[in-house]
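The chain contents come next:
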Amino acid sequence: MHPQVIAAAAASQLPADSPGADPALSKADFRQAMSRLGAAVNIVTTDGAAGRAGFTASAVCSVTDEPPMLLVCLNRNASVYDAVKANGVLCVNALGAGHQDLSNLFGGKTPMVDRFAAAQWASGHTGAPVLTGAPVAFDCRVVGCTSVGTHDVLFCAVQAVILGEAAHGLMYFGRKYHELDAAH
Ligand SMILES: NC(=O)C1=CN([C@@H]2O[C@H](COP(=O)(O)OP(=O)(O)OC[C@H]3O[C@@H](n4cnc5c(N)ncnc54)[C@H](O)[C@@H]3O)[C@@H](O)[C@H]2O)C=CC1
Ligand SMILES: Cc1cc2nc3c(=O)[nH]c(=O)nc-3n(C[C@H](O)[C@H](O)[C@H](O)COP(=O)(O)O)c2cc1C
C-alpha cells in the first residue's frame, strides 16, 4: 500500500504563485499526523509566589547535556501559564505505568486543588512539586523563552534529577496511553 500524502501533493498541482500552493497543512492534518509520533507523557508542575499549578505535557525534550537543559512547550492559553512564568521554576515529572488517570486530570479543565489531591508530592530544590512514584523528575529553573505561534518554548536548566525506584514509562501514541516496562 502506498503512503498517503496529505496537502503537499495537492498543493504541487497548483501554480507556484497561487495562494492554494502554500504547502502549509491544516491544524487538523497536523494533529492527525502528530498522533502517530509517540511521546512520553509528563506532568509539569510549578510553585512559588504565584501559587502551585501543573499540567500534562508531551511536548518536552532534551536540548543539551552541557549544560543539562530541557525544553517544554506551553500553550499561552493554559490556566497554568501565569504561574509558570511568574514562579520561573518547574519540575518535569515523567509519568509511568498506572498514571493514566493522573495524566487526564492534569490534562485540563479540573481545578488545581483537585489535580494535586490525586497524588502525593514532595518539594524539589526549586520548590516545584515532585511527584512521588514518578520514574524520574527534572527539577528546573526557566532560563529562556521563545514564543512560537500559540505556545511558549521554555528552556529549562536542570538543577536536580530525582530517580524513582522503578524504570517504567507512559507513552502517548494514537491518542491512547501505552505503558512501557524497562524490564521487558
Ligand atoms: N503540545 C500540545 O499543546 C498538546 C496539546 N494536547 C491537547 O490535549 C488534548 C487531547 O489531545 P489528543 O488526544 O492528542 O488529540 P489531538 O487530535 O488534539 O492531538 C493530536 C496530537 O497533535 C499534537 N497537538 C495537539 N494539540 C496541539 C497544539 N495545540 N499544539 C501543538 N501540537 C498539538 C499533539 O502531538 C497531539 O498528541 C487537545 O486539547 C490537545 O490540544 C495534546 C498533546 C500535546
Ligand atoms: C497527553 C496530553 C499531552 C499534552 N501536552 C501538552 C503540551 O505539551 N503542552 C501544552 O501546552 N499542553 C499540553 N496538553 C494540554 C494541557 O495539559 C492542558 O491544556 C492544560 O492542562 C491546560 O488546561 P487548563 O487550561 O484547563 O488548565 C496535553 C494534554 C494531554 C492530555
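This section reports on the structure supplied with the text.

Reading guide: rules and limits
- Residues numbered from 1 in each chain as written.
- Chains lettered and ligands numbered in written order.
- Predicted model: local features only at pLDDT ≥ 70, side-chain atom pairs only at ≥ 80, totals over all residues.
- Heavy atoms only, no water.
- Pairing = 2+ DSSP bridges.
- Helix = DSSP H or I, 4+ residues; strand = E, 2+ residues; numbered from the N terminus.
- Axes fitted to C-alpha atoms, helices over the stretch in contact; angles between N-to-C directions.
- Near = heavy atom within 4 Å.
- Polar contact = N/O pair within 3.5 Å; in protein donor to acceptor, adjacent residues only side chain to side chain.
- Areas by Shrake-Rupley, 256 points an atom, 1.4 Å probe, with all protein chains shown as cover.
- 1 Å grid on protein atoms, 1.4 Å probe; cavity = no way out; pocket = protein on both sides within 12 Å on 5 of 7 lines; lining within 4 Å.
- Sits in = over half its atoms within 2 Å of the grid points.
- Nonpolar A, V, L, I, M, F, W, Y, C, P; charged D, E, K, R; others polar.

1. What to know about the sheet that holds strand S3 (residues 53-57)
The seven strands are arranged S3-S2-S6-S9-S10-S5-S4 in an open sheet whose pairing can be described as antiparallel. Two strands close off the open sheet at either side, each with one partner strand: S3 and strand S4 (60-65). Sheet twist, expressed as the mean angle between neighbouring strand axes with direction ignored, is 30 degrees.

2. Some thoughts on the site of ligand 1
Near ligand 1 you find Arg 31, Met 34, Ser 58, Ala 59, His 151, Tyr 172 and Arg 175, and these make up its full shell. Take Arg 31: an N or O atom from its side chain is 2.9 Å from an oxygen atom of ligand 1. In the environment of ligand 1, an oxygen atom lies 3.0 Å from a nitrogen or oxygen atom belonging to the side chain of Arg 175. When ligand 1 sits alone it has 650 Å² of accessible area, and the protein chains cover 60% of it. Counting atoms within 2 Å of the grid points, the majority share of ligand 1 lands in the largest pocket. Here the shell around ligand 1 is composed, by residue class, of three nonpolar, two polar and two charged.

3. Here we look at the pairing of strand S9 (residues 136-148)
Relative to S9, strand S6 (residues 89-94) runs antiparallel, the two being bridged by five bridges. Residue pairing in the sheet places Val 89 in a bridge with Arg 141 of S9. For S9 and strand S10 (residues 151-163), the ladder comprises twelve bridges, and the chain directions are antiparallel. Counterpart to Val 148 in the pairing with S10 is His 151. Between the antiparallel neighbours S9 and S10 lie two residues, among them Gly 149 with a positive phi of about 55 degrees.

4. Quick word on the site of ligand 2
Taken together, 17 residues sit near ligand 2, with Thr 56, Asn 75, Ser 79, Lys 109 and Arg 115 positioned nearest. At 3.5 Å from an oxygen atom of ligand 2 is found a main-chain nitrogen or oxygen belonging to Gly 108. Here ligand 2 loses 79% of its free accessible area of 630 Å² to cover by the protein chains. Under a 2 Å grid-point criterion requiring more than half of the atoms, the pocket assigned to ligand 2 is the largest pocket. Elements with a contribution of two residues or more to the shell around ligand 2: S3 and strand S5 (68-75). By residue class, the composition of the shell around ligand 2 is eight nonpolar, seven polar and two charged.

That's the geometry; what it means functionally is another story.
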